[in-house]
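# Coordinates in review
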Amino acid sequence: MRIRRMNYRFWLLLVTLGLGASFGPAVAADGDQYLGTWAGTWAGDNSSGHFQLMLERGSDGKLTGSIAVTQDSGGGSDYTAKLKDASFAGDKFTAAYDPPDGQSQINMKGTFRAKGGDGDWSLGAKAQPSNPALATGTWKISKP
């Protein structure tokens, strides 16, 4: 009888702990407050334009998204690319993506805030994206 009562209490304790764990507060991942769509502008050595940055959390929990870039001078250089290596450490953002030429990579880094953010970008050869940079510039975003 005593063993049965202890067994019952043991299972009751396990069920209580299990329910507490599943209904406890969810812990947000770094950058979750910045998920969504952002509108931005970019400027570089001899060009400038606009972009739309879409950030989301993938089913695997990793930060992912895409960027749609337009150039102010036109000329058919508008494109959309998937982000790779995107991450947040607090409000600090880093990401990379491959523009359509297939030979280069653009690296972004910057700081996000509730309604906006800014940072730097660099274009480099895909094999060595940051050494040396072929072009550099700045970007600014805001929440539409």
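Residues numbered from 1 in each chain as written. Predicted model: local features only at pLDDT ≥ 70, side-chain atom pairs only at ≥ 80, totals over all residues. Heavy atoms only, no water.

Before going further, it helps to examine the overall build of the protein chain. If you tally the helices and strands in the protein chain, you get 1 helix and 8 strands. Counting the 144 residues in the protein chain, one finds 29% classified as buried. Carbon and sulfur atoms make up 57% of the accessible area of the protein chain, which totals about 9400 Å². (Helix = DSSP H or I, 4+ residues; strand = E, 2+ residues; numbered from the N terminus. Buried < 20%, exposed > 50% of the residue type's maximum accessible area, 1.4 Å probe, protein only. Areas by Shrake-Rupley, 256 points an atom, 1.4 Å probe, with all protein chains shown as cover.)

Throughout the structure, instances matching the rule amount to 4 salt bridges. Between D32 and R57 there is a salt bridge, with the nearest N and O atoms lying 2.8 Å from each other. Of this pair, D32 sits in the loop between α1 (2-23) and β1 (36-44) while R57 sits in strand β2 (residues 48-57), and the two are 25 residues apart along the sequence. Note on D32: relative accessible area 28%, which makes it partly exposed. For R57, a relative accessible area of 27% gives the class partly exposed. One salt bridge in this structure joins K126 and D98, with 3.2 Å as the shortest N-O distance. Of this pair, K126 sits in the loop between β7 (116-125) and β8 (135-142) while D98 sits in the loop between β5 (92-97) and β6 (104-112), and the two are 28 residues apart along the sequence. Three or more residues are tied together by salt bridges with common partners; here these are K84, D98 and K126. (Salt bridge = Lys/Arg side-chain N within 4 Å of Asp/Glu carboxyl O.)

Take the side chain of S122 next. By secondary structure assignment, the location of S122 is in strand β7. With near-sequence residues (within four places) excluded, S122 lies in contact with Q105, I106, N107, A133, A135 and T136. (Contact = heavy atoms within 4.5 Å.)

For the rest of this paragraph, the subject is the sheet that holds β2. The sheet built from 8 strands closes into a barrel, its strands ordered β1-β2-β3-β4-β5-β6-β7-β8 with antiparallel pairing. Going from strand to strand, the sheet's axes swing by 30 degrees on average, the running direction of each strand aside. With 4 bridges connecting them, strand β3 (residues 63-71) and strand β4 (residues 79-89) associate as antiparallel partners. Counterpart to S66 in the pairing with β4 is K82. (Pairing = 2+ DSSP bridges. Axes fitted to C-alpha atoms, helices over the stretch in contact; angles between N-to-C directions.)

The biggest cluster of nonpolar side chains holds 24 residues, and the ones touching the most others in it are L53, L55, I67, F93, Y97, F112 and W139. When residues of this core are traced back to their parent elements, those giving at least two are β1, β2, β3, β4, β5, β6 and β8. Element by element, the count of residues in this core is highest for β4, at 5 residues. When sequence neighbours within four positions are dropped, the list of residues in contact with L53 reads G36, T37, W38, S66, I67, L83, F93 and F112. (Core = buried A, V, L, I, M, F, W, Y, C linked by side-chain atoms within 4.5 Å.)

Despite not being glycine, D85 shows a phi value in the positive range, around 55 degrees. Within the element layout of this structure, D85 appears in strand β4. For D85, a relative accessible area of 64% translates into the label exposed.

What follows deals with the environment of H50. Tracing the backbone through its elements, the reader meets H50 in strand β2. Exposure remark for H50: the relative accessible area of 41% places this residue in the partly exposed category. It is 5.6 Å that separates the C-alpha atoms of H50 and G40, two residues lying 10 residues apart in sequence. Setting aside its immediate chain neighbours within four residues, H50 contacts G40, T41, W42, A68, V69, T70 and D72. Within the structure, the side chain of H50 is placed 3.3 Å from the side chain of D72, a separation counted as a polar contact. (Polar contact = N/O pair within 3.5 Å; in protein donor to acceptor, adjacent residues only side chain to side chain.)

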